[in-house]
Amino acid sequence: MEEKTQSIQLIQLTPTELINAFENSVNRKLEEFKTSFKANSPEELLSRSETANLLKINLSTLWAWSKGNKLKSYSIGNRIYYKRSEIMESIVELKN
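Residues numbered from 1 in each chain as written. Predicted model: local features only at pLDDT ≥ 70, side-chain atom pairs only at ≥ 80, totals over all residues. Heavy atoms only, no water.

1. A few points about the pattern of salt bridges
Moving on, step 1. Counted under the stated rule, the structure contains three salt bridges.
Moving on, step 2. Across the pair Lys29 and Glu32 runs a salt bridge, and its minimum N-O distance is 3.8 Å. Here Lys29 pairs with Glu32, and both are found in helix H1 (residues 15-40), just three residues apart, close to one helical turn.
Moving on, step 3. Judged by its relative accessible area of 48%, Lys29 is partly exposed. (Salt bridge = Lys/Arg side-chain N within 4 Å of Asp/Glu carboxyl O. Helix = DSSP H or I, 4+ residues; strand = E, 2+ residues; numbered from the N terminus. Buried < 20%, exposed > 50% of the residue type's maximum accessible area, 1.4 Å probe, protein only.)

2. Details of the sheet that holds strand E3 (residues 79-83)
Moving on, step 1. Ordered by their spatial adjacency, three strands build an open sheet running E1-E3-E2, and the pairing between neighbours is antiparallel. Looking along the sheet, the strands with just one partner apiece sit at the ends: strand E1 (45-47) and strand E2 (74-76). On average, each strand axis in the sheet is tilted by 45° relative to the strand beside it, whichever way the strands run.
Moving on, step 2. When E1 meets E3, the two strands line up antiparallel, connected through three bridges. Of the residues in E3, the one forming a bridge with Leu46 is Tyr82. (Pairing = 2+ DSSP bridges. Axes fitted to C-alpha atoms, helices over the stretch in contact; angles between N-to-C directions.)

3. Thoughts on a nonpolar patch on the surface
Moving on, step 1. Together, Phe22, Val26 and Leu30 make up an exposed nonpolar region whose accessible area comes to about 290 Å².
Moving on, step 2. Mapped onto the fold, Phe22 is located in helix H1. (Patch = residues over 30% accessible without salt bridge, like charges linked within 9 Å, V, L, I, M, F, W, Y side chains within 5 Å. Areas by Shrake-Rupley, 256 points an atom, 1.4 Å probe, with all protein chains shown as cover.)

4. Quick word on the side chain of Thr51
Moving on, step 1. Along the polypeptide, Thr51 turns up in helix H2 (residues 48-55).
Moving on, step 2. Once residues within four sequence positions are removed from consideration, Thr51 is found in contact with Leu46, Leu62, Tyr82 and Ile87. (Contact = heavy atoms within 4.5 Å.)

As structure tokens, then:
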């Protein structure tokens, strides 16, 4: 597969323009790296008690929120887990 490269003519660039071009290129590569790095990191699963402690609620409230589809739960055998990312996404900012 052929890789596209951006060609820059350096003859007519000021030092500031050269620095900006370099910073933009580095920032683009860093963003690509961050995206690919996150995709490979495993999802953290929390137990019921860990989830309740994180949200500072009791287990009966956690059960009610799960049954009311406020939080999505996952089971492995007879154990219940919650994905940390989904817990954080379910927290909604209140508008004043």
